[in-house]
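Take a look at the letters that make up each chain.
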Amino acid sequence: MTRRVFGRRRSRRLRRAGIVLAVVAVLLAGVAVTAWWSPSWWAVPQFGWKGTEQAGWITGIVSGVLSLISTIAAVAALRSRVEPKRGPGPTGDLVQVGRIPSPAAWLQDRSSRIDLARAARSGRTAVLTQVLSGMGGVGKTQLAAQFARDLASSGELDVLVWVTAAGQDAIVAAYAETARALGLASLDTDSQAAAQRLTGWLERTDRRWLIVLDNLDTPADATGWWPPANHNGRTVVTTRRRDAVLRTDSRIMITVDLFTPGEAIAYLSHAVGAPTEGDELARLAADLGRLPIAVAQAAAFIRDRGIDCVTYRRRLADRRERLADLAPSDDALPDEHRTTFAATWALSIDAADASPPRGLSRPLLDVAALLDPNGIPVALFTTADVRDYLSCTIADAGARTAATSEPSVDVQAVNDALHNLHRLNLITHDQTTASVRVHALIQRAARSQLEPDQLAAIGRTTADALITIWPEVERAQEYVQTLRANSSALHDNIGERLLTPDPHKLLFTAANSLGNAGLVQPAAVAFQRMLGDCLRVLGADHPETLASRRNLAHWQGEAGNPAGAVATLEQLLDDCLRVLDPDHPDILVTRTNLARWHRVAGDRAGAVPVLEQLLADHVRVLGPDHPDTLATRTNLAHWRGLAGDRAGAVAVLEQLLADHVRVLGPDHPDTLATRTNLVYWQRLAGDSAGVGAALEQLLADHVRVFGADHPNTLATRTNLTHWRGHAGGRAGAVSALEQLLADELRVLGSDHLHTLATRLNLAEWRGLVGDRAGAVSALEQLLADELRVLGPDHPFIRTTDANLAHWRGEAERYSS
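On a predicted model such as this, the values are computed, not experimentally measured, just so you know.

Peer 1: What is the right way to read the sheet that holds strand 8 (residues 428-430) from this model?
Peer 2: Think of a sheet as strands paired side by side through backbone hydrogen bonds, with each pair either parallel or antiparallel. What the three strands build is an open sheet, ordered 7-9-8; its pairing is antiparallel. Strands at the two margins of the open sheet, each flanked by one partner only, are strand 7 (376-377) and strand 8. Relative to strand 9 (residues 435-437), strand 7 runs antiparallel, the two sharing two bridges. When the sheet's bridge partners are listed, P377 is paired in strand 9 with S435.

Set out below in structure tokens:
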């Protein structure tokens, strides 16, 4: 039951007056008794004629006061009997105009109902209009109807008007009908005049009234017809809009959201008509996005067809099924629904698309419909890729207006169109996170309106836009994770259209991004999936199918399976030699990768002659200054050093650095990487002079070229810290690594490989400065996190496990 909204104002005044007068009477009676007991205020109490005389006149005062109370009460009673009507209409009877929708079956006691009642009670002092705002199908009308029925049944209303606010004419007509019902106007009175009489009466009357403007989806329709402010009245509005005009000092907006998980499960447990496990109900509610109209219609569909939740969920997951085929027919909709949930948002989409800039909102929603419902970067919608698509769309539709007649839709027009979708509750534009959220069923409904060729075109455009906003260096992992989620959603929604005529670059970028973030096993799984798609759609010999196999081998090796990488690359090399020219660049890349994983798998010495031959082939095919040739020289220097020829590694890198500076320039990333490698092998070769100064200069150059948060800069800080620690500054190494770890957590995230490696280094240095227990504790937690992120077969696991065993032994040895 809704708590009282209007309150019992008259009865409270009488109670307060009665209490005050009673207190006065008691005080006067006390004075009389005291006076009778003592003839003097200051004398010792005693009996006597003088005291009796005082008591007599005080008793007279008390009698007069009580007589006054009796008179006031009699007058009030008389007034209540002869008081004229507070306004036209039958006193004591509820005057109702308009039909309140019937209660929905299995009506849930939602938190929004409490919000509405609380806001209405606050109207005793301030806000008199409550606006229930939400997307189509969240149950706004039912909440308003429940509120109206509660007030009426509790006797708190004298006048109740329910208006289906489809337009201004409907509002005026309802007001005029109410004026006639109250005797304010006759049947001959013009509707406008009658409605105006009602608004004047609503402002002055002390009768309690409630006006409900249901489905006010064009706020301008209420201009001039908003019910006036009167503490004896309340106005409730339901709307899909959330314009600023609906939020003023006298109007409070209450957002009506989806069912909570508990509300959705409670509804389904009654509505599906058959005993069902709670977990299955929870999964069905999640699949429906907990949208009340969808939950109700799905339950009705399940009951009508005699199927179970598992079957319905399977059909819902089938993208070939139309949403309209998963709801009851129009003549069998539950709870007086006027349309299926598949068509619920059609009017809102039309309204958004008709608002300036015309013709942009629908195609923008089509783009959003292909992406992650939980968050789409706003930057995607303002890319040149999407804006060019919008320009072509409105040109093809013949919808050019003065606002959209430029060769390309500008950024402001896109933002305005997003605002139109937002204010109609079709999307949520979060300014704080610069992202857009959209309900999954709205997305499904939008996609169902697209022809296959439209879906393919929009999908490729959206993929181009994702590549445009993908950062070249993945620093902010949370943002990159959002991009990966949107890439996955796009792939799920358009499927093989991303593979033809050629696989889109986005597929490779998103999969490699997983590995770059340290998620090497998921990266391998992603490329395994891509390979299966390429084999099915493009065939085994397509260049992109071969590229997928090459990427798969790389992440197999990074995930701790170098032998698997070698096997994959050996088979790939045979197929490349069969399909491509022996000097094709892809074959050179495959040979390079194969040499690398042979070395990682244990064949260090054999890698050097293979790379020497590869270098000769690169020089012959690509030329000595080609980036791939320079990269092969870098690999050769590294393998020579690992094979024991550290001086040879230094010699190769010194010459390579000179060539990098000549070809690429001193600030090119490859040049800086070569300087780093040179310092590393110089130190291992025993030439430690100047290593510290070289690393400090490298760090300064990295900060200048890349910025302080670039992964290469962070890696250079790691190298410098290790050098300083080995040079005797162990305590300083711990402090520097703690700061580095904080920065990597902020920039890269907790699961990035670099972050995990820094935690390993920090634990090692803590042990070296004497904190063996701290090292053990840090390594135990690190090992658990590495197993969660990398899986049991990653090389990091073996390294961490070995270090943990070492420091456990050291801790036990020093504690005994």
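Having seen it, we continue.
Peer 1: Whenever I open this one, the environment of V295 confuses me. Can you help?
Peer 2: Inspection of the secondary structure puts V295 in helix 9 (residues 292-305). It is 8.1 Å that separates the C-alpha atoms of V295 and Y267, two residues lying 28 residues apart in sequence. Excluding residues within four positions of it along the chain, V295 makes contact with F259, A264, Y267, L268, L288 and R290.

Peer 1: What should I look at first to understand the nonpolar core in this one?
Peer 2: Across soluble globular proteins, nonpolar side chains show a tendency to be buried alongside one another. In this structure, Y312 and F381 are the most contacted members of the largest nonpolar core, which totals 129 residues. In terms of nonpolar packing, the next biggest core, distinct from the first, is built from 31 residues, V161, V172, L182 and L246 among them.

Peer 1: Whenever I open this one, the packing of helix 11 (residues 346-354) against helix 12 (residues 361-368) confuses me. Can you help?
Peer 2: Each pair of packed helices gets described by two things: the angle between the helix axes and the distance between those axes. For the pair helix 11 and helix 12, interaxial distance at closest approach is 7 Å and the crossing angle is 125 degrees. In this view, helix 11 runs oblique relative to helix 12, as classed from their interaxial angle. Of the residues in helix 12, those touching helix 11 at I349, D350, A352 and D353 are S361, R362, P363 and L365. Of the residues in the contact of helix 11 with helix 12, the class split is four nonpolar, one polar and three charged.

Peer 1: Which parts of the structure should I look at to understand the sheet that holds strand 6 (residues 251-255)?
Peer 2: Ordered by their spatial adjacency, six strands build an open sheet running 1-3-4-5-2-6, and the pairing between neighbours is parallel. In this open sheet, the two strands that pair with only one neighbour each are strand 1 (95-97) and strand 6. Here the average twist between neighbouring strands, direction ignored, is 15 degrees. Judged from the five bridges that link them, strand 2 (residues 129-133) and strand 5 (residues 233-239) form a sheet pairing that is parallel. Looking at the pairing, S133 lines up with T239 of strand 5. In the packing of helix 5 (residues 168-181) onto the sheet, the strands contacted are strand 1, strand 3 (159-164) and strand 4 (209-214), and the crossing angle to strand 3 comes to about 155 degrees.

Peer 1: Is there a simple way to think about the pattern of salt bridges in this case?
Peer 2: Here the idea is simple: oppositely charged side chains can pair when their charged atoms come close. Applying the stated criterion across every chain, the model contains 41 salt bridges. R322 is paired through a salt bridge with D325; the nearest N and O atoms lie 3.1 Å apart. Members of the salt-bridge network, linked through shared partners, are E280, R283, D287 and R313.

Peer 1: Help me understand unusual backbone geometry in this model?
Peer 2: For the bond running from P356 to P357, omega is -5 degrees, close enough to zero to count as cis. With respect to the helices and strands, P357 occurs in the loop between helix 11 and helix 12. For the bond running from T500 to P501, omega is 0 degrees, close enough to zero to count as cis. One non-glycine residue, R290, adopts positive backbone phi at about 55 degrees. When you line up the elements, R290 lands in the loop between helix 8 (278-287) and helix 9. Accessibility expressed as a relative area gives 29% for R290, which makes it partly exposed. Positive phi is not limited to glycine here, since A434 has a value of about 50 degrees. Structurally, A434 can be placed in the loop between strand 8 and strand 9.

Peer 1: Just to check I follow, could you spell out helix 32 (residues 772-790) for this structure?
Peer 2: An α-helical segment advances 3.6 residues per turn. Residues three or four places apart therefore align on the same side. The terminal C-alpha atoms of helix 32 lie 26 Å apart, and with 19 residues this matches the ideal 27 Å at 1.5 Å per residue to within 8%. Restricting attention to buried positions, one finds in helix 32 the residues G774, A775, V776, L779, L782, L783, D785, E786, V789 and L790. Structurally, helix 32 contributes buried residues whose contacts are with helix 20 (520-537), helix 31 (753-768) and helix 33 (795-815). For helix 32, the side-chain oxygen to backbone nitrogen distance between the N-cap and G774 is 2.9 Å, and the N-cap itself is D771. Of the residues one or two after helix 32, G791 is the one with positive phi, at around 90 degrees.

Parameters and conventions
- Each residue is numbered by its place in its chain's sequence as written, counting from 1.
- Local features in this predicted model are restricted to residues of pLDDT 70 or higher, and side-chain atom pairs are both shown and tallied only at a pLDDT of 80 or more, whereas totals for entire chains, interfaces and linings draw on every residue.
- To obtain the side-chain values, all non-hydrogen atoms of the structure were included, while hydrogens and water were left out.
- Whether two strands pair depends on DSSP finding at least two bridges between them.
- Helix and strand labels come from DSSP, where a helix needs a run of H or I of at least four residues and a strand needs a run of E of at least two; each type is numbered from the N terminus.
- It only takes one pair of heavy atoms within 4.5 Å for two residues to be counted as in contact.
- Only buried residues count toward a nonpolar core, which is a set of Ala, Val, Leu, Ile, Met, Phe, Trp, Tyr and Cys residues joined through side-chain atoms within 4.5 Å.
- Each residue is placed in one exposure class: buried if its accessible area under a 1.4 Å probe, protein chains only, is under 20% of its type's maximum, exposed if it is over 50%, and partly exposed if it falls in between.
- Axis angles are defined between N-to-C directions and span 0 to 180 degrees, where every axis is a line fitted to C-alpha atoms and, for a helix, only to the segment in contact.
- For classification purposes, an angle smaller than 35 degrees is called roughly parallel, one larger than 145 roughly antiparallel, one from 65 to 115 roughly perpendicular, and anything else oblique.
- The residue classification treats Ala, Val, Leu, Ile, Met, Phe, Trp, Tyr, Cys and Pro as nonpolar and Asp, Glu, Lys and Arg as charged. All others, Gly included, are polar.
- Salt bridges are identified by distance alone: a Lys or Arg side-chain nitrogen within 4 Å of an Asp or Glu carboxyl oxygen.
- Expected span of a helix, by definition, is 1.5 Å for each gap between consecutive residues, and there is one gap fewer than residues.
- Definition of a polar contact: a pair of N or O atoms within 3.5 Å, with one able to donate and the other able to accept a hydrogen when the atoms are protein atoms, and with sequence-neighbouring residues admitted only if both atoms are side-chain atoms.

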